[in-house]
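Descriptive analysis of the structure
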Amino acid sequence: MRTEQIAAKALEQVNNDRYVLANMIFKRVKQLNNGAPNLVGANLKLEKLADVAMREIAEGKLVLERIEEID
């Protein structure tokens, strides 16, 4: 699947909210950097972590449960 198609599917998963998608990708990249296993069987040495995170979201492996406000 092409990157544009993956991005479109990921946006659909978050109700077309680019801000939420960007935050989810950022958080997931941090988790992957800290050793979290990827959920789509990607080779982390060859693929960019942001691409892996977006694919995980597009495939419905990651979902937003809640948004917490920071005081």
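Conventions we followed
- Residues numbered from 1 in each chain as written.
- Predicted model: local features only at pLDDT ≥ 70, side-chain atom pairs only at ≥ 80, totals over all residues.
- Heavy atoms only, no water.
- Salt bridge = Lys/Arg side-chain N within 4 Å of Asp/Glu carboxyl O.
- Helix = DSSP H or I, 4+ residues; strand = E, 2+ residues; numbered from the N terminus.
- Buried < 20%, exposed > 50% of the residue type's maximum accessible area, 1.4 Å probe, protein only.
- Core = buried A, V, L, I, M, F, W, Y, C linked by side-chain atoms within 4.5 Å.
- Contact = heavy atoms within 4.5 Å.

1. Focus: the pattern of salt bridges
Tallied over the entire structure, the rule returns 4 salt bridges. A salt bridge links glutamate 4 to arginine 2, with the nearest nitrogen and oxygen atoms 3.2 Å apart. Between glutamate 56 and arginine 28 there is a salt bridge, and its shortest N-O distance comes to 2.6 Å. A residue pair is termed long-range when its members are at least 10 positions apart, and glutamate 56 in helix H3 (residues 49-58) and arginine 28 in helix H2 (residues 18-33) qualify at 28 residues. According to the relative accessible area criterion, glutamate 56 is buried, its value standing at 0%. Residue classification places arginine 28 among the buried residues on the basis of a relative accessible area of 6%. Residues joined by salt bridges that share partners form a network here, namely Glu47, Arg55 and Glu59.

2. Brief notes about the nonpolar core
Counting 19 residues, the largest nonpolar core has Ala10, Val14, Leu21, Ile25 and Ile57 as the members making the most contacts within it. Residue assignment for this core shows that the elements contributing at least two residues are helix H1 (3-13), H2 and H3. Sequence-distant contacts of isoleucine 25, defined by excluding residues within four places in its chain, comprise Ala50, Ala53, Met54 and Ile57.

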